[in-house]
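Residue-level structure breakdown
Here are the chains, one letter per residue:
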Amino acid sequence: MSRAENTTRPARGLRVPGLTLRRREAIEAWLMTSPTIIGFAIFFLGPLIAVFIYSTAEWNLLSRQMTFVGLANYTDALTVNADFWQVMGNSVIFAAGLVPLNMALALALALALSRPFFGVVFFRTIFFAPVVTSAVAWAIVWKFLLQGEAGAVNQMLASIGIDGPNWLREPDWAMAAVIVTRVIKMVGLNMILYIAALQTIPRDYEEAARLEGATHWQVFKMVIWPLLAPTTLIIMVITTIGSFKVFDHIYLMTGGGPENGTLVLAFYIYQQAFEFFEVGYASALAIIMFVIVLALTLVQFALRRRQVR
Amino acid sequence: MTTKQWRFLNRTLWTVSLLIAAVPFVFPFLWMLSSGFKSAAEIFGQPSLIPTVWHWENFVEVFTYQPFARQYFNSLYIAVSVTGLTLVVASLAGYALARLRFAGAGLLMLFLVSALMVPEEVTIVPNFFLIRWMGLTDTHLPLILLPVFGPHGVMATFLMRQYFVALPKELEEAGRMDGLTTLGVWWKIALPMSRPALAAVAIITFLFSWNLFLEPLVFLSSLELFTLPLALSNFTDPYGAPLWHLQLAATSLAVVPILAVYIIAQRQIVESFAMSGVKG
């Protein structure tokens, strides 16, 4: 319809003789997307190709000498460098601790706050507030609260007779502390995604189940949980990937310590590149991270497609 | 007990458990605020939310210890620039992807999707060399350019595209009848109809830029150029130990305005996150 009108009364603008409308539309489209394409090529695609190339080189920033070493950086990581497997283990522990905790808490909060009641806005505001707060501020405050004897958390525990550990200095506790504080920071985001999903579930379903005598738990298990499945999977993707990317939180709270106990992949890459200047090795690590995140995304996309059917 | 009493008890129990759950979410903010007013000595004394002596001078010292006002302004103007640029670039590309027919659109989409799967940590090393080669280290340009054209910018493009696709075409066609160019249709018709999407992208982009840490850490070395997140972690004594009273006073100054805006525009901000989370 509009195409026919357009031919009888062409729009103003780019008008070069002999240019078909379709051509013109394509040229306009390329012009409009060109800032994105150019910026994307310079700051994303180029660097992504470069990081592949760097990863095959032995290149310490201080020596300024770049030698091609093939896959040596990768084999070093997998076989020689003892840190690597500890780092991978830490990253997996971090994700395995954070994702279920975050999602369970998010779902519980969403179930409690999806219906209007007096004070619902107040509670939603509170649980979401850390999400808009900078991770740096959040990490600083928690680092302060979690100090050995002087920290507020331990002072409070002491008042009920519990002798708290020096949270961020003991390898066993540091990871748990980092995970829990990160969950508190980010859970609000998943909470609102769950609330949004819960609000799309028609209340008739639930009422019908209730009429047939279903309990709260049965309604949740038989009606709500299956309907939430697509949302749950999306949240799982976002949260898992987010947990592999966590950097500022670790950098500020533990610096990867104690005894490398919280040294996770994103921090390890930063450390190798910008503290030890091992560009080649850091790039190989970056590629490994890229592959992990890519695989996670693809697996869960596939999972989601199956779930939806 | 009667049903009414049961219901009351039930509701009270709910509220109490929610209040208990809220403690770890609220307490850090309160503690941060109150410690900002304490002396270095009192911070490690008997814990109390109310300082025995109010040290207002902490908030003055924050500004003399390092150029905090300048750093504050840096964060503000960078976040505004990133937001403005992202809105223009993302809505232009998003509009073309949603409405114009061109060969290569599918391929372009595929490339853009791939960006969403790549963490910034993966490209930060080559980007560091790129920026250094461009002579832009220790300037604010990388902190503006990288967020606009990185994965975050791509997500903004997607949000805009999704929104434009769902808009009714009739108004735009009417605009074309009246002789508007494609750019004219984008500016005068599509954008005004997309206020919710623009607001969502603006809010998320602003907060994203405001809270950015890795890029400033890698690219900046001069104190006067620091952004807030970097400045906050920099209140340390010569041996690297944190000066807690100053650090927490500065953190309060950085967090309170954002929290205030959040509380005022709470609904809008939360909806923006929900929108981007669901679609992105």
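The structure presented is a predicted model; accordingly, all values stated were derived computationally and were not measured.

**Some thoughts on the pairing of strand β1 (residues 57-60) of chain A**
Residues and elements named next belong to chain A.
- Of the pairings in the sheet, the one linking β1 to strand β2 (residues 65-68) comprises four bridges and is antiparallel in character. Across the sheet, the residue bridging to Asn 60 is Gln 65, located in β2.
- Turn length for the β1-β2 hairpin, with the two strands adjacent in sequence and antiparallel, is four residues, and the turn residue Arg 64 shows positive phi of about 55°.

**Some remarks on the environment of Lys 143 of chain A**
All names here are of chain A.
- Relative to the assigned elements, Lys 143 resides in helix α6 (residues 135-145).
- Residue classification places Lys 143 among the partly exposed residues on the basis of a relative accessible area of 30%.
- When the C-alpha positions of Lys 143 and Lys 221 are compared, they lie 39 Å apart, and in sequence the two are 78 residues distant.

**Things to note about the interface of chain B and chain A**
- Facing 92 residues of chain B, the contacting portion of chain A comprises 90 residues.
- Each partner contributes to the roughly 7,900 Å² buried at the junction of chain B and chain A, and carbon and sulfur atoms together form 80% of this total.
- If you sort the residues of chain B by the area they bury against chain A, Phe 25, Arg 101 and Met 117 of chain B come out on top, with a joint share of 10%.
- Inspection of the chain B/chain A interface yields zero salt bridges.
- At the surface where chain B touches chain A, the tally comes to five residue pairs in polar contact (both at pLDDT 80 or more).
- Broken down by element, the side of chain B that touches chain A gets its largest block of residues, 15 residues, from helix α1 (residues 3-35) of chain B.

**A few points about the packing of helix α4 (residues 68-99) of chain B against helix α8 (residues 151-166) of chain B**
All names here are of chain B.
- Put simply, α4 and α8 touch, their axes get as near as 7 Å, and they point 45° apart. On the basis of the axis angle, α4 is oblique to α8. The handedness of the crossing between α4 and α8 is right-handed. When α4 is examined against α8, the residues Thr 86, Ala 90, Ser 91, Ala 93, Gly 94, Tyr 95, Leu 97, Ala 98 and Arg 99 are found in contact with a partner set consisting of Gly 153, Ala 156, Thr 157, Met 160, Arg 161, Phe 164 and Val 165.
- Partitioning the contact of α4 with α8 into residue classes produces nine nonpolar, five polar and two charged.

**Side note on the packing of aromatic side chains**
- In the structure shown here, the tally under the stated rule is 45 aromatic pairs over all chains.
- Between Phe 122 of chain A and Phe 123 of chain A, the aromatic rings sit 5.3 Å apart at their centres with planes inclined by 70°, giving edge-to-face as the arrangement.
- Take Phe 122 of chain A: its relative accessible area is 47%, and that puts it in the partly exposed class.
- Measuring from ring centre to ring centre gives 6.4 Å for Phe 267 of chain A and Tyr 270 of chain A, while their planes differ by 45°; the resulting arrangement is tilted. Remark: Tyr 270 of chain A and Phe 267 of chain A occur in helix α12 (residues 265-274); sequence separation between them is three residues, near one turn of the helix. Residue Phe 267 of chain A shares its accessibility class with Tyr 270 of chain A, and that shared class is buried.
- An aromatic cluster is defined as three or more aromatic residues linked by ring pairs; in this entry it consists of Tyr 54, Trp 59, Phe 247, Tyr 251, Phe 267, Tyr 270 and Phe 274 of chain A together with Phe 128, Phe 129 and Phe 213 of chain B.
- Above the face of the Trp 31 of chain B ring, Lys 38 of chain B is positioned so that its terminal group lies 4.5 Å from the ring centre.

**A few points about the pattern of salt bridges**
Residues and elements named next belong to chain A.
- Counted according to the given criterion, the structure contains three salt bridges over all chains.
- Between Arg 115 and Glu 206 there is a salt bridge; the shortest N-O distance is 2.7 Å. Taken together, the positions of Arg 115 in the loop between α4 (82-113) and α5 (120-132) and Glu 206 in helix α9 (residues 203-211) put the pair 91 residues apart, joining distant regions of the chain.
- Of the residues examined, Arg 115 reaches a relative accessible area of 32% and is grouped as partly exposed.
- Since its relative accessible area comes to 15%, Glu 206 is described here as buried.

**Quick notes on the nonpolar core**
- In terms of nonpolar packing, the biggest core is built from 196 residues, with Phe 94, Leu 113, Phe 127, Phe 128 and Val 132 of chain A together with Phe 68 and Phe 273 of chain B touching the most fellow members.
- The biggest single contributor to this core is helix α8 (residues 171-199) of chain A, with 15 residues.
- Leaving out residues up to four positions away in the same chain, Phe 127 of chain A has contacts with Leu 109, Leu 113, Gly 188 and Met 191 of chain A together with Leu 18, Ala 21, Ala 22 and Phe 25 of chain B.

About the criteria used
Residues numbered from 1 in each chain as written. Chains lettered and ligands numbered in written order. Predicted model: local features only at pLDDT ≥ 70, side-chain atom pairs only at ≥ 80, totals over all residues. Heavy atoms only, no water. Pairing = 2+ DSSP bridges. Helix = DSSP H or I, 4+ residues; strand = E, 2+ residues; numbered from the N terminus. Buried < 20%, exposed > 50% of the residue type's maximum accessible area, 1.4 Å probe, protein only. Contact = heavy atoms within 4.5 Å. Buried area = accessible area lost by both parts, 1.4 Å probe. Salt bridge = Lys/Arg side-chain N within 4 Å of Asp/Glu carboxyl O. Polar contact = N/O pair within 3.5 Å; in protein donor to acceptor, adjacent residues only side chain to side chain. Axes fitted to C-alpha atoms, helices over the stretch in contact; angles between N-to-C directions. Parallel < 35°, antiparallel > 145°, perpendicular 65-115°, else oblique. Left-handed = near helix turned anticlockwise from the far one by under 90°. Nonpolar A, V, L, I, M, F, W, Y, C, P; charged D, E, K, R; others polar. Phe/Tyr/Trp six-rings, centres within 6.5 Å; stacked < 30°, edge-to-face > 60°. Lys NZ or Arg CZ within 6 Å of the ring centre and 35° of its normal. Core = buried A, V, L, I, M, F, W, Y, C linked by side-chain atoms within 4.5 Å.

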